[in-house]
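Chain by chain, the residues run as shown.
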Amino acid sequence: MAPIPTKVSDRLIAGVKKFQPILAAAKSRDINESDTVLILTDMLAEIFGYDKYSEITSEFAIRGTYCDLATRVNGKILFLVEAKAIGADLKEAFIKQAVDYAANLGVDWVILTNGVFWRVYKISFTKPIEHEVILEFDFLSLNMKNAEHIDYLWLLSREGWLKSLLEEFHEQKQVLSRFSIGALIISDSILDTIRKELKKISPDIKIEKDQIKKVLTQEIIKRDVLEGDKAQEAVKNINRAMSRIVKAKEKLKSSSLKPIPSDAAQTTEEAIPLEAN
């Protein structure tokens, strides 16, 4: 992840210090949703760096439907915010309408929050539309001496969005997911490696890749890692990556085998100085 500029880091730390007691007091008073939205607007501006008057909008809040807030930078909507009263639980049912609306707008991200608890969703434009929790945290529990906690805010900041940090964070989570690692373990290249290592241990024993794969899938890797939509998508991603690597190697090999054009060869020869007799 890109390092946080000092100016941004100072703003994040100062913002948490300011708004933690504000949220704690608001929670003790059990303020309603409208008042929570007011605090969220200030948080988006003072902590996350969005211009309060030009980049934070409530235009998509129509009679309590769709979503309460959105951020828009350089004419592009970055994310929608579905806000709830500070004392409300963040139920999954609350996010569905905002997700559907985000999908219709072509917006990739939705945040569900009551000011204290924050949950960030990534939208997948599939049929049906899917959404996945990428990040969640308790604002009142943030410790600004904890670098990971500062990173949570850095990901959602205006500067972080312009660097596509949340997208990068999402991709990292996908790569390190149990589905991706499970798919990688049973890929041909890894099976070949395991087979070679086993042959070193027992050179006289005949070992096939299918035998290794059977042990991995039936005795070592949990079934839920290898089954379902996420597992299938992970396999596709691994296969695509492997295919790109093979094509790149073939392209490099073919380019190195190309004959030197005759005019280029002549030029090369002319460039070589003759040895004096």
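Reading the values: rules and limits
- Residues numbered from 1 in each chain as written.
- Predicted model: local features only at pLDDT ≥ 70, side-chain atom pairs only at ≥ 80, totals over all residues.
- Heavy atoms only, no water.
- 1 Å grid on protein atoms, 1.4 Å probe; cavity = no way out; pocket = protein on both sides within 12 Å on 5 of 7 lines; lining within 4 Å.
- Points joined across faces, edges and corners; volume = space filled by probe spheres on them.
- Helix = DSSP H or I, 4+ residues; strand = E, 2+ residues; numbered from the N terminus.
- Nonpolar A, V, L, I, M, F, W, Y, C, P; charged D, E, K, R; others polar.
- Phe/Tyr/Trp six-rings, centres within 6.5 Å; stacked < 30°, edge-to-face > 60°.
- Buried < 20%, exposed > 50% of the residue type's maximum accessible area, 1.4 Å probe, protein only.
- Lys NZ or Arg CZ within 6 Å of the ring centre and 35° of its normal.
- Salt bridge = Lys/Arg side-chain N within 4 Å of Asp/Glu carboxyl O.
- Contact = heavy atoms within 4.5 Å.
- Axes fitted to C-alpha atoms, helices over the stretch in contact; angles between N-to-C directions.
- Parallel < 35°, antiparallel > 145°, perpendicular 65-115°, else oblique.

Participant: Give me the lowdown on the layout of surface pockets, citing residues and values where you can.
Facilitator: Over the atoms, a rolling probe the size of a water molecule traces out where space has been left empty. The space that makes up the second largest pocket amounts to roughly 300 Å³. Along its surface, the second largest pocket is lined by 13 residues, and Ser187, Asp188, Ser189, Asn239 and Met242 are the ones closest to its centre. Mapped by element, the contributors of at least two residues to the lining of the second largest pocket are helix H8 (188–201) and helix H11 (229–257). When residues of the lining of the second largest pocket are assigned to their parent elements, the largest contribution, seven residues, is made by H11. The residue makeup of the lining of the second largest pocket, split by class, is seven nonpolar, three polar and three charged.

Participant: Would you mind going over the packing of aromatic side chains in detail, with residue names and values included?
Facilitator: Applying the stated criterion across every chain, the model contains seven aromatic pairs. Ring geometry for Tyr50 versus Phe79: centroids 5.8 Å apart, planes at 80°, classification edge-to-face. Of this pair, Tyr50 sits in the loop between helix H2 (33–46) and strand S1 (56–57) while Phe79 sits in strand S5 (residues 76–83), and the two are 29 residues apart along the sequence. For the pair formed by Tyr50 and Phe79, the shared burial category is buried. Grouped by ring-pair contacts, the aromatic residues Phe48, Trp118, Phe137 and Tyr152 constitute a single cluster. In this structure, Lys84 packs its charged tip against the face of Phe94, placed 4.4 Å from the ring centre. Lying over the aromatic face of Trp109, Lys122 brings its terminal NZ or CZ to 5.5 Å of the ring centre.

Participant: Tell me what's going on with the pattern of salt bridges, and back it up with residues and numbers.
Facilitator: The tally for this structure, following the rule as stated, stands at twelve salt bridges. Its salt-bridge partner being Glu82, residue Lys84 comes within 3.3 Å of it at the nearest N-O pair. A single burial state applies to Lys84 and to Glu82, both of which are buried. Salt-bridge contacts for Arg119 lead to Glu136; the nearest nitrogen and oxygen are separated by 3.3 Å. Of the two residues, Arg119 sits in strand S7 (residues 117–124) while Glu136 sits in strand S8 (residues 130–138), which places them 17 residues apart along the sequence. Overall, Glu136 belongs to the partly exposed group, its relative accessible area being 48%. A single salt-bridge network, built from bridges that share partners, covers Asp188, Asp192 and Lys209.

Participant: Could you give an account of the side chain of Thr41, naming the residues involved and the relevant values?
Facilitator: For Thr41, the location among the structural elements is in helix H2. The residues contacting Thr41, other than those within four sequence positions of it, are Lys52, Ile56 and Leu69.

Participant: Outline the packing of H8 against helix H9 (residues 209–220), listing residues and values.
Facilitator: Contact geometry for H8 and H9: axes closest at 9 Å, N-to-C directions at 105°. Judged by the angle between their axes, H8 and H9 are roughly perpendicular. Together, Asp188, Leu191, Asp192, Ile194, Arg195 and Leu198 of H8 and Lys209, Ile212, Lys213 and Leu216 of H9 make up the contact between the two elements. Looking at the contact of H8 with H9 residue by residue, the class counts come to five nonpolar, no polar and five charged.

Participant: Now, about the packing of helix H1 (residues 6–29) against H2: what can you tell me, with residues and values included?
Facilitator: Where H1 meets H2, the closest approach of the two axes is 10 Å, and the angle between their N-to-C directions is 170°. Relative to H2, the element H1 is oriented roughly antiparallel. Taking contact as the criterion, the partners of Arg11, Lys18, Phe19, Ile22, Leu23 and Ala26 in H1 are, on H2, Ile39, Asp42, Met43 and Glu46. A class-by-class count of the residues in the contact of H1 with H2 yields six nonpolar, no polar and four charged.

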